[in-house]
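# Tertiary structure, described
Chain by chain, the residues:
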Amino acid sequence: ETGVTQSPTHLIKTRGQQVTLRCSSQSGHNTVSWYQQALGQGPQFIFQYYREEENGRGNFPPRFSGLQFPNYSSELNVNALELDDSALYLCASSLGGTRTDTQYFGPGTRLTVL
Amino acid sequence: SQQGEEDPQALSIQEGENATMNCSYKTSINNLQWYRQNSGRGLVHLILIRSNEREKHSGRLRVTLDTSKKSSSLLITASRAADTASYFCATDARDDKIIFGKGTRLHILP
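Described below are features of the structure shown in this document.

Criteria and thresholds
Chains are numbered independently. Their residues run from 1 in the order of the written sequence. Chain labels run from A onward and ligand labels from 1 onward, assigned in the order the entries are written. Selection of residues for local features in this predicted model requires a pLDDT of at least 70, selection of side-chain atom pairs for listing and counting requires 80 or more, and totals for whole chains, interfaces and linings are taken over all residues. Excluded from the side-chain calculation are hydrogens and water; included are all heavy atoms of the structure. The helix and strand labels rest on DSSP assignments: H or I over at least four residues marks a helix, E over at least two residues marks a strand, and numbering proceeds from the N terminus. Three labels apply to residues, based on accessible area from a 1.4 Å probe with only protein chains included: buried if under 20% of the type maximum, exposed if over 50%, partly exposed otherwise in between. Here, two residues are considered to be in contact whenever any of their heavy atoms come within 4.5 Å of each other. Surface accessibility follows the Shrake-Rupley procedure with a 1.4 Å probe radius. Residue values consider only the protein chains on display as shielding. Pairs of strands are assigned from DSSP output, requiring at least two bridges between the strands. In this analysis, axes come from line fits to C-alpha atoms, helices being fitted only over the stretch in contact, and the angle between any two N-to-C directions falls in the range 0 to 180 degrees. Accessible area, probed at 1.4 Å, shrinks when two parts are joined; the buried area is that loss added up over both. Each reported salt bridge corresponds to a side-chain nitrogen of Lys or Arg within 4 Å of a carboxyl oxygen of Asp or Glu. All residues other than Ala, Val, Leu, Ile, Met, Phe, Trp, Tyr, Cys, Pro, Asp, Glu, Lys and Arg, Gly among them, are scored as polar; the first ten of these are nonpolar and the last four charged. Two rings from Phe, Tyr or Trp (for Trp, the six-membered ring) form a pair when their centres sit within 6.5 Å of each other. Planes less than 30 degrees apart are called stacked, planes more than 60 degrees apart edge-to-face, and all others tilted.

On to the overall build of chain A. Per the secondary structure count, chain A includes 0 helices and 11 strands. From first element to last, N terminus to C terminus, chain A shows the α and β order β-β-β-β-β-β-β-β-β-β-β. Split into buried and exposed, the 114 residues of chain A put 48% on the buried side. Pairs at least 24 residues apart make up 55% of the contacts formed inside chain A by residues separated by at least 6 positions. Carbon and sulfur atoms make up 48% of the accessible area of chain A, which totals about 5,200 Å².

Shown next, in the form of structure tokens:
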């Protein structure tokens with residue numbers, strides 16, 4: 001167990017809806033990264049937050065947004081859901097604010113968009 | 001496109017045998033990491049090798065890096081049933097994005 005938790009475990013939404021996924025970082029970690037993993041693919045980097053500021057972003061549209069709170073927990077928000085947004089969403093916490101740091105992953109939230 | 005590509009896509013071996021999987025990438029990197037994922041759950045960090053390192057060991061794991069060929073290999077010795085998982089390489093390219101490959105699905109046969 002990494003100490004990183006995510007909620008909910010599973011979620012079903014319909015196209016056009018909005019969703020919020022949550023992540024609680026490992027104790028002492030100030031950095032959180034979010035990834036999207038489609039079935040049979042590797043994780044794709046969405047963005048990273050370091051001390052409540054966005055610290056890098058992958059090739060995802062603006063309808064993917066995030067927040068990091070003072071306790072370093074985090075949210076991923078996706079607006080105007082599309083069918084292709086169906087995936088496993090992973091968060092990972094680390095200490096140091098770079099992509100070089102060892103990341104500790106949560107178990108993921110599986111999102112299904114109908 | 002994916003920066004890292006693992007090869008083979010799938011591998012089945014007998015328990016006790018060694019498993020080797022490879023990763024190729026396209027652009028210069030700062031470091032390369034290997035992760036394991038069990039049954040579509042969270043990833044577990046296995047090992048990080050920096051661009052100025054050629055080989056690294058951790059328990060039954062051995063990772064090599066050849067920056068001239070832009071490739072890395074992960075060797076798991078004396079495989080066990082618990083090693084059944086998907087293995088991903090992740091590169092931290094010079095533009096500071098981390099990019100995962102599609103993974104190798106390893107199945108250890110009893």
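From this point, the discussion proceeds with the structure in view.
This part is about the pairing of strand S11 (residues 109–113) of chain A. Residues and elements named next belong to chain A. Covered by surrounding structure in S11 are Thr109, Leu111 and Val113 only, the residues Arg110 and Thr112 on the alternate face being uncovered. Alignment of strand S9 (residues 87–94) against S11, held across 3 bridges, turns out to be antiparallel. Its bridge partner lying in S11, leucine 88 is registered against arginine 110.

Residue and element names in this part refer to chain A. Judged by pairing direction, the sheet is antiparallel, and its 4 strands sit side by side in the order S1-S3-S8-S7 without closing on themselves. Whereas interior strands pair on both sides, the edge strands pair on one side only; in this sheet they are strand S1 (5–7) and strand S7 (64–68). Ignoring strand direction, the axes of neighbouring strands in this sheet form an average angle of 20°. Strand direction decides the pairing type here: strand S3 (residues 19–24) and strand S8 (residues 74–78), joined by 5 bridges, are antiparallel. Within S8, the position partnered with leucine 21 by the bridge is leucine 76.

Counting residues at the interface gives 20 residues for chain A and 19 residues for chain B. Interface of chain A and chain B: buried area, both sides summed, is about 1,600 Å²; carbon and sulfur atoms make up 51% of it. Run the count over chain A and chain B and you get 0 salt bridges. Every element with two or more residues in the side of chain A that touches chain B is listed here: strand S4 (31–37) and S9 of chain A. Split into classes, the residues belonging to the side of chain A that touches chain B amount to 7 nonpolar, 9 polar and 4 charged.

To continue, consider the packing of aromatic side chains. For any two aromatic rings, the description comes down to two numbers: the centre-to-centre distance and the angle of the planes. Scanning all chains against the criterion turns up 8 aromatic pairs over all chains. Consider the rings of phenylalanine 47 of chain A and tyrosine 49 of chain A, whose centres lie 5.4 Å apart with planes at 85°: the pair is edge-to-face. Across the pair, tyrosine 49 of chain A and phenylalanine 47 of chain A agree in class, each one buried. Of the aromatic side chains, those joined through ring pairs into one cluster are Tyr35, Phe45 and Phe105 of chain A together with Tyr35 and Phe100 of chain B.

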